[in-house]
Each structure stands twice: as C-alpha cells, then as structure tokens.
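# Results of the structural survey
Given next are the chains, with one letter for each unit.
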Amino acid sequence: MNIVCIVCPNGCRLTVRKAARGTVVTGNQCARGAGYGIQEATDPKRVVTAVARTSSSDWPCVPVKTSGPVSRDRIKRVLKAVYGLRIDLPVTRGDMCIKNVEKTGVSVVFTRTLPPVERKREE
Ligand code: SF4
C-alpha cells in the first residue's frame with residue numbers, strides 16, 4: 001500500500017509491503033515513518049472527535065475527543081458510547097468524560113468549557 005506519512009510536515013511517500021521477514025516500509029526518511037507505515041498497515045488508529053448531548057437547552061451539545069488514537073475498527077463503538085451520553089453542565093475543557101472508553105485504553109475528554117445551567121426565575 002502507498003500512503004503519505006503524516007508524522008511530520010515532510011510528508012514522505014511510503015510504500016508498505018508484506019515480506020517474508022515481516023512488514024517492510026520504504027520511502028521513509030526516519031524510523032518514526034517506518035513505525036507509522038507499519039501501524040497504518042496492521043492496525044490503523046485515529047483520534048476520534050464528536051459532540052455529546054447535554055441536559056441544557058442553552059448549550060445542547062459539548063465537543064469531545066479521545067485522549068489518544070483508537071483502532072479504526074473500534075471507532076463506531078466509541079461514537080455509540082459518546083452519543084448515548086447526556087451531560088450535566090458545567091464541564092471544563094480537558095476533564096474526563098468517559099474513562100477507558102470501550103476498553104480501548106484511552107479516555108474521552110471535553111474540548112470546551114461550558115458554564116452551569118442558569119436557573120430560570122419563576123415569575
Ligand atoms: S518518514 Fe520521517 S521524515 Fe518522512 S514524513 Fe514521516 S516522520 Fe517525517
């Protein structure tokens with residue numbers, strides 16, 4: 001497979017092949033690129049971003065992301081967990097939303113601070 005390395009701005013064009021001695025990466029200018037190529041060929045991972053529902057009508061959703069990359073074949077399960085939430089405000093950017101989401105070893109964290117819900121005064 002041919003891919004572009006995204007580890008640094010050089011954007012080396014990598015070729016990843018299976019060989020008798022394992023997965024072989026060519027086109028990389030450094031070891032990090034080789035690691036990236038092998039990762040992409042064997043278990044590609046991505047940081048997941050999404051929005052979670054809140055219980056506030058003023059701020060109906062809050063953006064979240066995983067604290068690290070997640071295997072691509074588990075992304076749907078992570079999103080399902082996030083979309084099943086109903087968050088009570090306030091929340092603070094960087095705080096944990098779901099610990100070890102779907103046993104991936106990474107957490108879901110808030111990427112925005114939202115204020116507490118204002119109680120409407122009764123007239
Ligand atoms: S192979 Fe190395 S130098 Fe090339 S883009 Fe990847 S990290 Fe950068």
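Before reading further, recall that the structure is shown in the block above.
All chains use their own residue numbering, which begins from 1 and follows the written sequence. Since the coordinates come from a predicted model, pLDDT governs what is reported: local features require at least 70, and pairs of side-chain atoms require 80 or more to be given and counted, while whole-chain, interface and lining totals use all residues. Processing note: side-chain calculations cover all non-hydrogen atoms of the structure and skip hydrogens and water entirely.

## So, the pairing of strand β5 (residues 49–53)
- Relative accessible area decides the class of each residue, using a 1.4 Å probe on protein chains only: under 20% of the type maximum gives buried, over 50% gives exposed, and in between gives partly exposed. Under the scheme used here, helices are H or I runs from DSSP no shorter than 4 residues and strands are E runs no shorter than 2 residues, and both carry numbers assigned from the N terminus. Alternating residues of β5 divide into Ala50 and Ala52, all buried, and Thr49, Val51 and Arg53, none buried.
- Taken together, the five bridges between β5 and strand β6 (residues 61–66) define a ladder with antiparallel strand orientation. Bridged to valine 51 within β6 is proline 63. Any two strands with at least two DSSP-identified bridges between them are counted as paired.

## Things to note about the pattern of salt bridges
- The term salt bridge refers to a pairing of a side-chain nitrogen on Lys or Arg with a carboxyl oxygen on Asp or Glu at a separation within 4 Å. Under the criterion given, the structure shown has two salt bridges.
- The salt bridge involving arginine 46 is made with glutamate 40; its shortest N-O contact spans 2.8 Å.
- Residue classification places arginine 46 among the partly exposed residues on the basis of a relative accessible area of 30%.
- Glutamate 102 is paired through a salt bridge with arginine 77; the nearest N and O atoms lie 3.5 Å apart. Of the two residues, glutamate 102 is situated in the loop between β8 (96–98) and β9 (108–110) and arginine 77 in helix α2 (residues 75–83); the sequence distance between them amounts to 25 residues.
- A relative accessible area of 31% means that glutamate 102 is categorised as partly exposed.
- Given the relative accessible area of 43%, arginine 77 is considered partly exposed.

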